[in-house]
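# Chains, contacts and geometry: an overview
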Amino acid sequence: MADAATPQGHDVDVEREDDEEQHPEVQGGVGAPPFEGDTRCGLIAIVGRPNVGKSTLLNALVGQKVSITSRKAQTTRHRITGVRTVEEAQFVFVDTPGFQTKHSTALNRNLNRTVQGVLADVDLVLFVVEAGRFGLDDAKVLSLLPQDKPVVLIANKLDAVHRRAELMPWLKSMQERRNFSEFVPLSAKKESDVQRLFQILKPYLPNQEWFYEEDALTDRSEKFLAAEMIREKLFRLTGDELPYEATVVIDRWEEEGNLRRIAATIVVERDAQKGMVIGQGGERLKRIGSEARQELEALMEARVFLELWVKVRSGWADSEEHLRSYGYE
């Protein structure tokens, strides 16, 4: 698309016009009376290939960890909603698994269905790529994005770009791929960049009542967040040894005042993987449990007693029945 319009740039030498007509008011649904309040609220999908920093961005936007982060690709498995209310606007973020372009297992087919289901519901899409990079997997994700929704190009990991001018040829090539509503270079680890993004996204939210209370952070339960936290420590502490086909199931959850008693099972596919998770003398499993417990105590502001087990379930990632039993949508 050689005639694609220039996306709106931020903190890059790209011209930008702050014309209110770029962001028309959206009020009510079909047949609904116009909403007369000043509040805005909308669903925003965060999409991209695996390992471009989507979960890190979501956590930064929400201001608290609600999605796991890891150097290992494909660690986000579930649709995770994070909520942040800034002044009169409520942003409801939906983190998604990276579109899976390899490993055609039932798990990956499930993940891709989740992404496409999310895109059908949202008001705005954040397409996350690494600043200055665009590969075949990025292109495949871009080709699957809906044409009838505004898409903001998020050039993440800006801190890894040594000279800002190096982005200009790359930006020009991105302009030819799609008429992006905005172009936002940022580092998800930089608070000022995150705050700037809120102001950029606010005009795209429909003018309507908030979906959640002002102080809400996520629609996920503590039980779900506990399983995610354990899975994060699992991937961080096993590195490249453990394939991504591993999951965590909460077997028991008991609340006794300010105490949480949690029993969870780490599910792997082969006996050798079980040994990797347990480690010599059980040391690795103990460390996974210890780090997860400490983070859960900080998150829940409660004491946590955590028991971890490791079980082998051969072929679980390619079994629709197992996926349903483990809570995959």
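Before any of the text, the structure's been laid out above.
Summarised in this report is the structure supplied together with it. These numbers come from a predicted model, not from an experiment.

## Section: the nonpolar core
Counting 28 residues, the largest nonpolar core has F127, L145, L153 and W170 as its most contacted members. When contributions to this core are tallied by element, the ones reaching two or more residues are strand 2 (40-47), strand 4 (89-95), helix 2 (106-121), strand 5 (124-130), helix 3 (136-143), strand 6 (151-156) and helix 4 (167-175). If you look at the next biggest cluster of nonpolar residues, it comprises 27 residues, including V52, A60, A188 and F198.

## Some thoughts on the packing of helix 1 (residues 54-62) against helix 5 (residues 191-201)
Where helix 1 meets helix 5, the closest approach of the two axes is 10 Å, and the angle between their N-to-C directions is 80 degrees. The orientation of helix 1 with respect to helix 5, classified from their angle, is roughly perpendicular. Across the interface between the two elements, L57, A60 and L61 from helix 1 touch V194, L197 and F198 from helix 5. Of the residues belonging to the contact of helix 1 with helix 5, the class tally is six nonpolar, no polar and no charged.

## Some details on the sheet that holds strand 8 (residues 247-256)
Strand order in the open sheet formed by three strands is 8-9-10, with mixed pairing between adjacent strands. The open sheet is flanked by strand 8 and strand 10 (303-312), the only strands paired with a single partner. Across this sheet, the average inter-strand angle for adjacent strands is 15 degrees, counted without regard to direction. Relative to strand 10, strand 9 (residues 259-268) runs parallel, the two sharing 10 bridges. Each residue of the ladder has a partner; that of R261, found in strand 10, is F305. Together, strand 9 and strand 10 form the strand contacts of helix 7 (residues 271-278), whose direction differs from that of strand 10 by roughly 155 degrees. Seen against the sheet, helix 8 (residues 283-300) touches strand 8, strand 9 and strand 10 and runs at an angle of roughly 140 degrees to strand 10.

## Some details on the environment of A120
In this structure, A120 sits in helix 2. By relative accessible area, which is 56% here, A120 ends up exposed. Note: C-alpha distance between A120 and A45 (75 residues apart in sequence) is 9.8 Å.

## Focus on helix 4
Those residues of helix 4 not exposed but buried are L167, W170, L171, M174 and Q175. On an axial view of helix 4, the arc spanned by its buried residues comes to 140 degrees, and they lie on one face. Check the buried side of helix 4 and you find it contacts strand 5, strand 6 and strand 7 (182-185).

Rules used in this analysis
- Along each chain, residues carry numbers from 1 onward, in the same order as the chain's sequence is written.
- Reporting in this predicted model follows two pLDDT cut-offs: at least 70 for local features of residues, and 80 or more for side-chain atom pairs to be given and counted; totals over whole chains, interfaces and linings ignore these cut-offs and use all residues.
- Each side-chain value is derived from all of the structure's non-hydrogen atoms; neither hydrogens nor water enter the calculation.
- Among buried residues, the Ala, Val, Leu, Ile, Met, Phe, Trp, Tyr and Cys ones that are joined through side-chain atoms within 4.5 Å form a nonpolar core.
- Only protein chains enter the accessibility calculation, which uses a 1.4 Å probe; a residue whose area is less than 20% of its type maximum is buried, one above 50% is exposed, and one in between is partly exposed.
- For the purposes of this entry, the term helix denotes a DSSP run of H or I that reaches at least four residues, the term strand denotes a run of E that reaches at least two, and both are numbered from the N terminus.
- Angles run from 0 to 180 degrees between N-to-C directions of axes, and those axes are lines fitted to C-alpha atoms, restricted for helices to the stretch in contact.
- Relative orientations are named as follows: roughly parallel for angles under 35 degrees, roughly antiparallel for angles over 145 degrees, roughly perpendicular for angles from 65 to 115 degrees, and oblique for any other angle.
- In this analysis, two residues are considered to be in contact whenever any of their non-hydrogen atoms come within 4.5 Å of each other.
- Amino acid classes used here: Ala, Val, Leu, Ile, Met, Phe, Trp, Tyr, Cys and Pro are nonpolar; Asp, Glu, Lys and Arg are charged; the rest, including Gly, are polar.
- Here, a strand pair is defined by DSSP locating no fewer than two bridges between the strands.
- An arc is given here, and it is the one of the directions from the helix axis to the C-beta atoms.

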